[in-house]
Amino acid sequence: MKTLSPLAQKYIDRFDSALETLPGAGDRNISTLRKSGLEKFSKLDFPNKRIEEWRFTNLASLTKGPANEDQPSTPALKHDAFKADYEVVFENGVFSKEKSRLEKLPEGVRLTSLAEELGGGAVFSLDEDDNRALIALNTAYMQDGLCLHVSENVEVPGVLAIRFVTNSSEPQNIHIRNRITLDGGAKLTLLEEHEGNGHYFVNPVTMIHLSDGAELKHYKHQNESLAAYHIALTDCEVAANASYKNFTLTHGARLSRNEMKTSILGADALSKLDGAYLLDGNQHCDTTSLTEHKVSQNVSEQVYKGVLAGKSHGVFQGKIHIFPDAQQVSGDQLSKALLLSDEAQVDCKPELEIYADDVKCSHGATSGELDEDALFYLQARGIPTDQAKKMLVAAFLGDVLEEIENDSVRQYFEVLSASWLERV
Amino acid sequence: MAVSQETIEQVNSVSEKYKYGFVSDIESETAPIGLSEDIVRFISAKKEEPEWLLEWRLKAYRYWLTMEEPDWAKVNYPKIDYQDIYYYSAPKVKDKPKSLDEVDPELLEVYSKLGIPLKEQEVLAGVEGAANVAVDAVFDSVSVATTFRERLEKEGVIFCPISEAVQTHPELVQKYLGSVVPYTDNFFGALNSAVFTDGSFVYIPKGVRCPMELSTYFRINAAQTGQFERTLIIADDESYVSYLEGCTAPMRDENQLHAAVVELVVLDNAEIKYSTVQNWYPGDENGVGGIYNFVTKRAACRGVNSKVSWTQVETGSAVTWKYPSCILQGDNSVGEFYSIAITNNLQQADTGTKMIHLGKNTSSTIISKGISAGKAQSTYRGLVRMGRKADGARNHTVCDSLLIGDKCGAHTVPYIENQNRSAKIEHEATTSKVSEEQLFYCQQRGLSEEESMALIVNGFCKEVLQKLPMEFAVEAQKLVGISLEGSVG
Amino acid sequence: MLEIKDLHAEVGGKEILKGINLTINPGEIHAIMGPNGAGKSTLSYVLSGRDGYEVTGGSVTYKGQDLLDMDPDERACSGIFLAFQYPVEIPGVASATFLKTALNAQRKFRGEEELDAMEFLKLVREKSKELDIKDDMLKRAVNVGFSGGEKKRNEVLQMSLLEPDLMLLDETDSGLDIDALKVAADGVNRLRSPERSALVITHYQRLLDYIVPDFVHVLADGKIVKSGDKSLALELEEKGYTDISAA
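Conventions and cut-offs
- By convention here, each chain's residues receive numbers from 1 onward along its written sequence.
- Think of it this way: whatever chain is written first is A, whatever ligand is written first is 1, and the rest follow in order.
- Side-chain atom pairs in this predicted model are given and counted only at pLDDT of 80 or more, local residue features only at pLDDT of at least 70, and totals for whole chains, interfaces and linings cover all residues.
- Heavy atoms throughout the structure, all of them, feed into the side-chain values; hydrogens and water do not.
- Domain extents, as shown, originate in an automatic or database domain assignment.
- Two parts placed together each lose some accessible area; with a 1.4 Å probe, that loss summed over both constitutes the buried area.
- Whenever a carboxyl oxygen of Asp or Glu lies within 4 Å of a side-chain nitrogen of Lys or Arg, that contact is scored as a salt bridge.
- Any N or O atom pair separated by 3.5 Å or less is treated as a polar contact, with the protein-specific requirement of one donor-capable and one acceptor-capable atom, and with residues adjacent in sequence counted only for side-chain atom pairs.
- Exposure categories follow from relative accessible area, calculated using a 1.4 Å probe and restricted to protein chains: below 20% of the type maximum is buried, above 50% is exposed, and the middle band is partly exposed.
- Only DSSP runs of H or I reaching four residues or more are called helices, and only runs of E reaching two or more are called strands; each is numbered from the N terminus.
- Here the arc refers to the set of directions running from the helix axis out to each C-beta atom.
- Two residues form a contact once any of their heavy atoms are found within 4.5 Å.
- What a helix is expected to span follows from its residue count: subtract one and scale by 1.5 Å.
- We call Asp, Glu, Lys and Arg charged. Ala, Val, Leu, Ile, Met, Phe, Trp, Tyr, Cys and Pro are nonpolar, and the rest, Gly among them, are polar.
- Pairing between two strands requires that DSSP report at least two bridges joining them.
- Angular values range over 0 to 180 degrees, each being the angle between N-to-C directions of two axes fitted as lines to C-alpha atoms, with helices fitted over their stretch in contact.
- Here the word oblique covers every angle except those under 35 degrees (roughly parallel), over 145 (roughly antiparallel) and from 65 to 115 (roughly perpendicular).
- Left-handed is the label given to a crossing in which the near helix is rotated counterclockwise from the far helix by less than a right angle, and right-handed is the label when the rotation is clockwise.
- Among buried residues, those of type Ala, Val, Leu, Ile, Met, Phe, Trp, Tyr and Cys that are joined through side-chain atoms within 4.5 Å constitute a nonpolar core.

**What about the domain arrangement of chain A?**
Residues and elements named next belong to chain A.
Here's step 1: According to the domain assignment, chain A contains domain 1 (6–265) and domain 2 (371–424).
Here's step 2: For domain 1 and domain 2, the distance between their C-alpha centroids amounts to 31 Å.
Here's step 3: Both faces considered, domain 1 and domain 2 share a buried interface measuring about 1400 Å² in area, 72% of it formed by carbon and sulfur atoms.
Here's step 4: Linking domain 1 with domain 2 are two salt bridges.
Here's step 5: Among the ionic pairs, lysine 245 bridges to glutamate 405, the shortest N-O distance being 2.8 Å.
Here's step 6: Across the domain 1-domain 2 interface, the total number found is five residue pairs in polar contact (both at pLDDT 80 or more).

**A closer look at helix H2 (residues 37–46) of chain B**
All names here are of chain B.
Here's step 1: Among all positions of H2, only Ile39, Val40, Ile43 and Ser44 are buried. Projection of H2 onto a plane perpendicular to its axis shows the buried side chains occupying an angular sector of 135°, all on one side. Of the exposed residues in H2, those oriented more than 90 degrees away from the buried face are Asp38 and Ala45.
Here's step 2: Those residues of H2 that are buried lie in contact with helix H3 (51–65) and helix H9 (187–195).
Here's step 3: Following H2 by one or two positions, glutamate 48 has its phi on the positive side, about 50°.

**Concerning the arrangement of the chains**
Here's step 1: With two pairs of chains in contact, the largest contact count belongs to chains A and B.
Here's step 2: A minimum C-alpha distance of 13 Å separates chain B and chain C, which share no contact.

**Focus on the environment of glycine 145 of chain A**
Residues and elements named next belong to chain A.
Here's step 1: Here glycine 145 lies in the loop between helix H6 (133–141) and strand S4 (146–150).
Here's step 2: Along the backbone, glycine 145 and proline 204 are 59 residues apart, and their C-alpha atoms lie at a distance of 8.3 Å.
Here's step 3: Setting aside its immediate chain neighbours within four residues, glycine 145 contacts Phe90, Thr112, Ser113, Leu114, Ile176, Arg177 and Asn178.

**Comments concerning H3 of chain B**
All names here are of chain B.
Here's step 1: End to end, H3 covers 21 Å across 15 residues, agreeing with the expected 21 Å (1.5 Å per residue, within 8%).
Here's step 2: Every buried residue belonging to H3 is among Leu53, Leu54, Trp56, Arg57, Leu58, Ala60, Tyr61 and Trp64, and all of these are buried.
Here's step 3: Contacts made by the buried residues of H3 are with H2, helix H7 (162–168), H9 and strand S8 (230–235).

**Details of the interface of chain C and chain A**
Here's step 1: The interface of chain C with chain A comprises 30 residues on the first partner and 16 residues on the second.
Here's step 2: Of the roughly 1800 Å² buried between chain C and chain A, counting both surfaces, carbon and sulfur atoms make up 69%.
Here's step 3: Remark: the boundary between chain C and chain A carries eight residue pairs in polar contact (both at pLDDT 80 or more).
Here's step 4: Those elements that place two or more of their residues in the side of chain C that touches chain A are helix H1 (40–48), helix H2 (72–77), strand S6 (80–83), strand S7 (90–94), helix H3 (95–109) and helix H5 (148–162) of chain C.
Here's step 5: Among the elements that make up the side of chain C that touches chain A, the one with the highest residue count is H3 of chain C (six residues).
Here's step 6: A class-by-class count of the residues in the side of chain C that touches chain A yields 19 nonpolar, eight polar and three charged.

**Thoughts on the pattern of salt bridges**
Oppositely charged side chains may form a pair once their charged atoms are brought near each other.
Residue and element names in this part refer to chain A.
Here's step 1: Applying the stated criterion to the full structure yields 58 salt bridges over all chains.
Here's step 2: We note a salt bridge from arginine 257 to glutamate 259, for which the minimum N-O separation is 2.8 Å.
Here's step 3: Arginine 257 gets classed as buried once you look at its relative accessible area, which sits at 1%.
Here's step 4: As a salt-bridge pair, arginine 257 and aspartate 286 come within 2.8 Å of each other at their nearest N and O atoms. Residue arginine 257 is found in strand S12 (residues 255–264), and its partner aspartate 286 is found in strand S14 (residues 284–293); the two are separated by 29 residues along the sequence.

**As for the sheet that holds strand S5 (residues 65–66) of chain C**
All names here are of chain C.
Here's step 1: Within the open sheet, the four strands sit side by side as S2-S1-S4-S5. Their pairing is antiparallel. With one partner strand each, in any of the chains shown, strand S2 (14–24) and S5 form the two edges of the open sheet.
Here's step 2: Pairing between strand S4 (residues 53–62) and S5: two bridges, direction antiparallel. The residue bridging threonine 61 from the neighbouring strand is aspartate 66, located in S5.
Here's step 3: Those strands touched by H1 are strand S1 (2–11), S2 and S4, and its axis lies near 110° from that of S1.

**A few points about the packing of helix H10 (residues 436–444) of chain B against helix H11 (residues 449–465) of chain B**
Residues and elements named next belong to chain B.
Here's step 1: Packing of H10 against H11 brings their axes to within 9 Å, and their N-to-C directions diverge by 120°. Taken together, the axes of H10 and H11 are oblique relative to one another. As for how H10 packs across H11, the hand of that crossing is right-handed. Of the residues in H11, those touching H10 at Gln438, Leu439, Cys442 and Gln443 are Glu449, Ser452, Met453, Leu455 and Ile456.

**Some points on the interface of chain B and chain A**
Here's step 1: Listed as interface residues are 34 residues of chain B and, on the opposing side, 36 residues of chain A.
Here's step 2: Buried surface at the junction of chain B and chain A, both sides included, amounts to about 2700 Å², of which 44% is carbon and sulfur.
Here's step 3: Among the residues chain B hides against chain A, the three largest losses belong to Tyr415, Asn418 and Arg421 of chain B. Together they make up 24% of the total.
Here's step 4: Inspection of the region where chain B meets chain A yields two salt bridges.

**Here's the deal with unusual backbone geometry**
Here's step 1: Positive phi is not limited to glycine here, since aspartate 268 of chain A has a value of about 55°.
Here's step 2: As for its placement among the helices and strands, aspartate 268 of chain A is situated in the loop between S12 and strand S13 (270–279).

**Focus on the nonpolar core**
Here's step 1: Core analysis: the biggest nonpolar cluster contains 111 residues, and Phe247 and Phe413 of chain A together with Leu2, Ile4, Leu47, Ile90 and Phe98 of chain C have the highest contact counts within it.
Here's step 2: By residue number, the principal contributor to this core is helix H8 (residues 385–401) of chain A, which donates nine residues.
Here's step 3: Split by domain, this core shows at least three residues from each of two domains, domain 1 (6–265) and domain 2 (371–424) of chain A.
Here's step 4: Once residues lying within four places of it in the same chain are set aside, the contact partners of phenylalanine 413 of chain A are Leu191, Tyr219, Lys220, His221, Phe247, Leu249, Leu401 and Ile404 of chain A.
Here's step 5: Counting 92 residues, the second-largest nonpolar core is a separate cluster that includes Ile162 and Leu182 of chain A together with Phe148 and Val308 of chain B.

In structure tokens, the structure reads:
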């Protein structure tokens, strides 16, 4: 038998005692599910660089032993909080009823915590064919999360914020499981925020289902502690006429991975994934997306931009997969990276896998430094070098931030990007 | 798209499906079937090789035994039984022919049937239209003829079978063989190092611009035989050579293995232009038979301002696994990769390039055109890496796929790694189909559907076709048409 | 105002300027003419401090200070303005933001109050009107999608806004039709004053019909080979560069 990584072994060793304390302990179905999750995970272990999807991201510093203690537990970027219309707060991975503000939520929105649901006999399942180790682990250890259901044709006004705040004096591992379902014609704007202090590993898994004509705008702001590991997986199913629009702004965590799998299941559906990652120091950020066009006549779009300072390492892997007979599909993807320092590094793998002929697909990837001509032009007008560079970085980010349709979120992300730039 | 009358005629002139599919009845001498240290020793002994080369082959063989066949490429084929292949097959001859006149006339007949000029007289006599090309003809495991050697020798250019170079220029072979593709590099490369039988050797001395195109023509004839050729080209300082390579094989129901290694070494201010028209038997429309083409091609641009340009037209083979690459070591060195890969019926191609930028101000260009028809799968797989010290390096990649029919697949898997901020990488890829309007437009002007398709596809490939030397470009254009036969309607 | 002494400069290891001597006093307009490749643009880049233009000998003194010791933005703030031959497109940066940032950086440098958005807008509108430039240009990204003429006009607008002491015009006339040329020249002429100087670099005499120089110099192979008054420009037009340089 092969040897598992120390962290995987730890998870396996303490599973039996954990089973008793995790929510849903009394429910045999839940225990069986958790066990099958653990079984799968113990076969897979944490992914290593020999696995194609993980060739650019090495989890060894997480899995080989205790969290890297010499890593300063720098607090994340300080900023003014976003003023949301409704707020769900999770503290150290546990739903906080006191801090959440949900009273204004309109009728037709059902919002509960996963712990509640697991205790109440809700049904969860693990896809047999899914070979993602971190989903299996999450299934075994999921502790809490958001369960949200929006009924048919309910349009939720304003923005619902979900805040995951982690303050850990000791290293801890948090496995969040969110489930978001929008019935036909429902509309929702979501802002998912992660922030924290200290050493921890957070593994949020989000399963989204959008029925016919539903619209979800899903904004994510990842501002974890600079000593934290953040490995998120988001799966979204998009039915006919539905649209999923995601924008992820990343500037936190020591190592983060944002893995998104979108399955387009109907005609006239749209998947739009955009994002910006801003990295400094030893940060590593991996954005991995898989967009599956399973049927004809739909559209996917992606634009990602990265700014890399210090010794940071950015990764973008994006795959557009068009299934046989999924005709009249358009899939476009663009990834751009700006390297600000000599030691920063970026790896990119934009992939097309196409089995239908009446399609239009493209991807583009560029990487390089600030345009010297532009920099000199600004300097020649009297703008100090430092300020000129910031203007150019802001301009580089400007057009991807433009993709954010919600004005208040866009302004919020613009301010966040600007304050990140000030700090670098 | 300009419709040239010439193109239409060329397309029209194509009637047979795979016109190189004939088998020649030539008596040959083969080694016992299967692979073992004894076979490696047998091959080495046949070639009367020095001890160092045998040792190297054996090391490669032993290393190969520890390796696993790669499975990462997007190709599927039944497991190859390496013990069910003949590793050596050579036409029977009493003595080595000393000049072309002594070459077995039946062999010459094969090449003339293939349209390969093994005659020097025409060119020497100034016959109009005779191609100014020197040819090394490799038949199964051995080189059977090399033309224009005297003329090339005058310039100091060495162009001969590699087995001969081992005898006549051992110092060059020993210095460079395996220096670009070491036997540890990959599974098929290791296998080739152990059992390679022949191939071409080229050395262009300092300051020489090779006066004619050099060409090697590979022909697999014997059944159940693998072809493992090894090509080594060295372009010394300030030299230039244009090298062409062509390949064909008979139609057979079995699959045959072709695992070649090509190594290019380019020194200061030198340039190699390497063109391939690969037309191995692709198998029939049901996917029966055809060549497995698993090839390692790599160039080391060691010198400053050195340049390598790979141009390939891949239309044949049942399965292609091939990534002609450039290691851009010398400052200001340049790497280019121009590729057309056409797959039809049940063909599969996983091809692309690697551009490894190590030196300052190195630059690379990649233009890849993939065409899939029938139930074929075509994949572009490429790597562009900018090393820490590659200040000011540049890459531009364009990778386009064209799909014909709704049962085929086209895939793009580029790896882009940048470790230097002053390096600039631009990559773009598109996938599209031949539009109904384009087809209709051509048909309305009187072209048949197949002609129209060939014409449009030729237009799609134009940027790459233009990079081929004249003689090959015409041939390649025709091939585009033939390869796509039966893809419409 | 500007004193260039025996200036030598290289680009990419190749010597382009081979000993330039030139003195510009306040209020004077100097024109530098010369064939392609003479080093005209190099001179403007060396004076404005572009990276990669390495000074290998000589000195440049500007308002009593060592110019070569200053960063490009310091030079700009001290009153040197380069009107680019090829103004750079900067996607994502709005012209208005760019101009306001530049103007305020210069004001701050001189210890003046920075302008707020309203004051700035008022000033820009005024200047645009004077130069007959539509102010919708301000909403667009810097030079992006501008025609050749628009780019050059934008340079002149920037110049009139920033009110430099020393204007360097690098082939401002190239690519301009006669009307655009007049607008550009008009912009420069409006700025003419006893305190303000200009160095006009051009290949053709045409521009000098509208911006009349006090002195004309011929630059050839990295050196000033001949100097004179405005009549020299006419002479050049007639005889061509080869004759003059040989003389």
